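The residues making up each chain are set out below.
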Amino acid sequence: MAIDEARAAQIKEKLAERDNHIRESWVKAMEARLVRDELEKCQKGEGVNHYENCKWLADKYIQMLQENRVKGYKRIDA
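For clarity, every value in this text was computed on a predicted model and none was experimentally measured.

Student: Tell me what's going on with the overall build of the protein chain, and back it up with residues and numbers.
Tutor: Tallying secondary structure elements over the protein chain gives 3 helices and 0 strands in all. Shown N-terminal to C-terminal, the secondary structure of the protein chain runs as helices and strands in the order α-α-α. Burial analysis of the protein chain (78 residues in total) assigns 15% to the buried set. In the protein chain, once contacts between residues fewer than 6 apart in sequence are set aside, the share between residues at least 24 apart is 66%. Carbon and sulfur atoms make up 54% of the accessible area of the protein chain, which amounts to about 6,600 Å² in all.

Student: Requested: an account of the pattern of salt bridges, with residues and values cited.
Tutor: Taken as a whole and assessed by the stated rule, the structure comprises 5 salt bridges. Asp 19 is paired through a salt bridge with Arg 18; the nearest N and O atoms lie 3.9 Å apart.

Student: Please provide a residue-by-residue account of a nonpolar patch on the surface, values included.
Tutor: A cluster of nonpolar side chains, Trp 26, Met 30 and Val 70, forms an exposed patch at the surface whose accessible area comes to about 280 Å². Assignment of secondary structure puts Val 70 in the segment after helix H3 (55-67). On the basis of relative accessibility, which here comes to 40%, the residue Val 70 falls in the partly exposed class.

Student: Quick rundown of the nonpolar core? Include the residues and the values.
Tutor: Of all hydrophobic cores here, the largest spans 8 residues; its members are Ala 32, Val 35, Leu 39, Cys 42, Cys 54, Leu 57, Tyr 61 and Met 64. Of all the secondary structure elements, the ones that give two or more residues to this core are helix H1 (2-46) and H3. Take this core: its biggest share by element is 4 residues, from H1. When near neighbours in sequence (up to four residues on either side) are disregarded, Ala 32 contacts Tyr 61 and Met 64.

Student: So what's going on with the state of the cysteines? Residues and values would help.
Tutor: Working definition: the covalent bond between the sulfur atoms of two cysteines is a disulfide. Applying the stated criterion to the full structure yields 1 disulfide. A sulfur-sulfur distance of 1.9 Å marks the disulfide that ties Cys 42 to Cys 54. With the S-S bond torsion at -90°, the cross-link from Cys 42 to Cys 54 turns out left-handed. Of the two residues, Cys 42 is situated in helix H1 and Cys 54 in the loop between helix H2 (50-53) and H3; the sequence distance between them amounts to 12 residues.

Student: Now, about the side chain of His 50: what can you tell me, with residues and values included?
Tutor: Residue placement: His 50 occurs in helix H2. Residue His 50 is classed as buried on the basis of its relative accessible area, which comes to 18%. Discounting residues that sit within four places of it in the chain, His 50 has contacts with Cys 42, Gln 43 and Lys 55.

What counts and how
- Residues numbered from 1 in each chain as written.
- Predicted model: local features only at pLDDT ≥ 70, side-chain atom pairs only at ≥ 80, totals over all residues.
- Heavy atoms only, no water.
- Helix = DSSP H or I, 4+ residues; strand = E, 2+ residues; numbered from the N terminus.
- Buried < 20%, exposed > 50% of the residue type's maximum accessible area, 1.4 Å probe, protein only.
- Contact = heavy atoms within 4.5 Å.
- Areas by Shrake-Rupley, 256 points an atom, 1.4 Å probe, with all protein chains shown as cover.
- Salt bridge = Lys/Arg side-chain N within 4 Å of Asp/Glu carboxyl O.
- Patch = residues over 30% accessible without salt bridge, like charges linked within 9 Å, V, L, I, M, F, W, Y side chains within 5 Å.
- Core = buried A, V, L, I, M, F, W, Y, C linked by side-chain atoms within 4.5 Å.
- Disulfide = S-S within 2.5 Å.

Here it is as structure tokens:
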């Protein structure tokens, strides 16, 4: 029975690790969403000058799109 309990603890640890990984991935995706919302506000507020005045936000958003994708967790070694 000690082996079964150890295996159950190991599986619980993997599940917790997976949940944490997915949670962190979603947090990063939501951060990118907030930057997108700020970029939209900036573009509406600046009008025709938004190409110059909002460039830093656009660059940040593009970088976040590349880096902050939601990455799933394919399987658990059971």
